[in-house]
Amino acid sequence: MKIAVISCIHGNYAALDAVLLDIDQQKAEKIYCLGDLVGYGPYPNAVVEQIRSLDIPTVQGCWDEDIVEGLNACECSYPSLLAEKRGKIAHEWTNKHVNPEVREYLAQLPHTYKEDNLCFVHGSPNSNHEYLLPEMDAFTALERVLSSDADILFCGHTHFPYVRTLDSGQLQVKVRQPSINEQPTISFNTPLKQIINVGSVGEPRHGRPNATYVIYDTETQAVDLREVEYDYQTTCAAILDAGLPPIFAWRLARGLEFAEKADDPTHVCER
């Protein structure tokens, strides 16, 4: 069957509404959500209410976790002091405006969701805050999929959609111990694995303002990375009206990441 996988809505109700309409037009039979329902955007409660009303299986994102556990729950860092300041403002605004029932819903979301040979996570099976970047070392990427006990690992968090196929063939692992001269070699075969990053509905960072998500055919294994146009200017105006940092509207309109780049993006938690 055809399934739709969405992620990183970030309080952008207009984008979510447009994507849900496109999903209906694509005749997907089921929808999965990879978290980050809140943060950045001006409509966190409306987004959560929509996801709940449609009974969409959803995992917890890093923003969802921080609203429940408190700012900097992941103990990761920002790329700059300015980005940290903006992140705190966005967190405080979201924390102030979410309804109690929304907070309770976010708190009970699982970190992973498994169905048949498919696994759904926000960042990685290890953490909501880990980035599975497309250039990640192949062995590490394969380990993340294997740790999920699935063939297809769906993730978000990077806000950049991609498909990565990991054709491992036979792996060999040598174990070295100082007290033992012999070094046993363990060999095993793994089937073809894939990481499918579905991008972001509400905060795209692939260079265009269009919302992104994925349609996946479980029979043919076909992956459709979809882009959906929507009235992003309405959301940009609402961001400014809400008193959120104007940079959030600027980058939403351009589909860009953030103004300051970190030397090592693997440790960054850009909220």
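Computed from a predicted structure; not experimentally measured.

Calculation notes
- Each residue is numbered by its place in its chain's sequence as written, counting from 1.
- Local features in this predicted model are restricted to residues whose pLDDT is 70 or higher, and side-chain atom pairs enter the listing and the counts only when it is 80 or higher, whereas totals over whole chains, interfaces and linings include all residues.
- Neither water nor hydrogens contribute to the side-chain values; these are computed over all heavy atoms in the structure.
- Here a strand is any run of E in DSSP of at least two residues, a helix any run of H or I of at least four, and the numbering for each starts at the N terminus.
- In this description, contact between two residues means that some pair of their heavy atoms is separated by no more than 4.5 Å.
- Within this scheme, the nonpolar core is defined by two criteria: the residues are buried Ala, Val, Leu, Ile, Met, Phe, Trp, Tyr or Cys, and they are joined through side-chain atoms within 4.5 Å.
- Burial here depends on accessible area, computed with a 1.4 Å probe over protein chains only, as a share of the maximum for the residue type. Under 20% is buried, over 50% is exposed, and the range in between is partly exposed.
- A strand pair is defined by DSSP finding two or more bridges across the two strands.
- When the strands point away from the viewer, a crossover counts as right-handed if the route from the first strand across the helix to the second turns clockwise.
- Just to be clear on terms, a salt bridge is a Lys or Arg side-chain nitrogen sitting within 4 Å of an Asp or Glu carboxyl oxygen.
- Lines are fitted to the C-alpha atoms to define the axes, a helix being fitted only along its stretch in contact, and any angle between axes, read from their N-to-C directions, falls within 0 to 180 degrees.
- The disulfide criterion is simple: two cysteine sulfur atoms within 2.5 Å.
- In this description, the arc belongs to the directions extending from the helix axis to the C-beta atoms.

With that settled, the discussion passes to the environment of Leu 256. One can find Leu 256 in the segment after α8 (246–254). C-alpha of Leu 256 to C-alpha of Phe 160: the two residues are 96 residues apart in sequence and 9.9 Å apart in space. In this structure, Leu 256 is in contact with Pro 204, Arg 205, Gly 207, Trp 250 and Arg 251, ignoring residues within four places of it in sequence.

With that out of the way, let us pick up the nonpolar core. Residues Ile 6, Ile 9, Leu 37 and Leu 106 are the most contacted members of the largest nonpolar core, which totals 41 residues. The element best represented in this core is helix α1 (residues 13–25), accounting for six residues. Apart from residues no more than four positions distant in its own chain, Ile 6 is found in contact with Leu 16, Val 19, Ile 23, Ile 31, Tyr 32, Cys 33, Leu 34, Ile 51, Val 198, Val 201 and Tyr 213.

Position of Leu 192 among the secondary structure elements: in the loop between β8 (185–189) and β9 (193–197). Distance from Leu 192 to Leu 142, taken between C-alpha atoms, is 9.8 Å for residues 50 residues apart in sequence.

The next point concerns the pairing of strand β5 (residues 152–155). With burial as the criterion, each face of β5 is covered, one bearing Ile 152 and Phe 154 and the other bearing Leu 153 and Cys 155. When strand β4 (residues 118–121) meets β5, the two strands line up parallel, connected through three bridges. Looking at the pairing, Cys 119 lines up with Leu 153 of β5. A crossover links β4 with its parallel partner β5, the connecting element being helix α6 (residues 138–147), and its sense is right-handed.

Across the eight residues of helix α3 (residues 62–69), six count as buried, placing the element largely inside the fold. Looking at the buried side of α3, the elements it contacts are α4 (81–97) and α5 (100–107).

So, about the pattern of salt bridges. For the structure on display, the rule yields eight salt bridges. In this structure, Glu 130 engages Arg 144 in a salt bridge whose closest nitrogen and oxygen atoms are separated by 2.7 Å. One end of the pair, Glu 130, is in the loop between β4 and α6; the other, Arg 144, is in helix α6, and 14 residues separate them in sequence. Arg 144 matches Glu 130 in its accessibility class, with the two residues each being buried. What emerges from the salt-bridge pattern is a single network uniting Asp 22, Asp 224 and Arg 226.

Spatially, β2-β1-β10-β11 is the arrangement adopted by the four strands of the open sheet, whose pairing is mixed. The open sheet has two free edges, formed respectively by β2 (30–33) and β11 (223–228), since each of these has just one partner strand. Along the sheet, successive strands turn relative to each other by an average axial angle of 25 degrees, direction set aside.

Before going further, it helps to spend a moment on the pairing of β2. Pairing of strand β1 (residues 2–6) with β2 involves four bridges; the strand directions are parallel. From the neighbouring strand, Ile 3 faces β2, where its bridge partner is Lys 30. The parallel pair β1 and β2, bridged by α1, forms a crossover whose chirality is right-handed.

Let's shift gears to the side chain of Gln 194. Mapped onto the fold, Gln 194 is located in strand β9. If we ignore the near neighbours within four places in the chain, the residues touching Gln 194 are Val 145, Asp 151, Ile 152, Leu 153, Val 163, Arg 164 and Thr 165.

Our next topic: the state of the cysteines. Scanning the entire structure with this criterion turns up zero disulfides. Looking at the unpaired Cys 33, the closest cysteine sulfur is the one in Cys 8, lying at 8.4 Å. Its relative accessible area of 1% is what places Cys 33 among the buried residues.

What follows is about helix α7 (residues 232–241). Thr 235, Cys 236, Ala 238 and Ile 239 are the residues of α7 that are buried. All buried residues of α7 lie within an arc of 165 degrees about the axis, which places them on one face of the element. Pointing more than 90 degrees away from the buried face of α7 are the exposed residues Gln 233 and Asp 241. Summarising the contacts, the buried residues of α7 are in contact with α1 and α8. Gly 243 sits one or two residues past α7 and shows a positive phi near 85 degrees.

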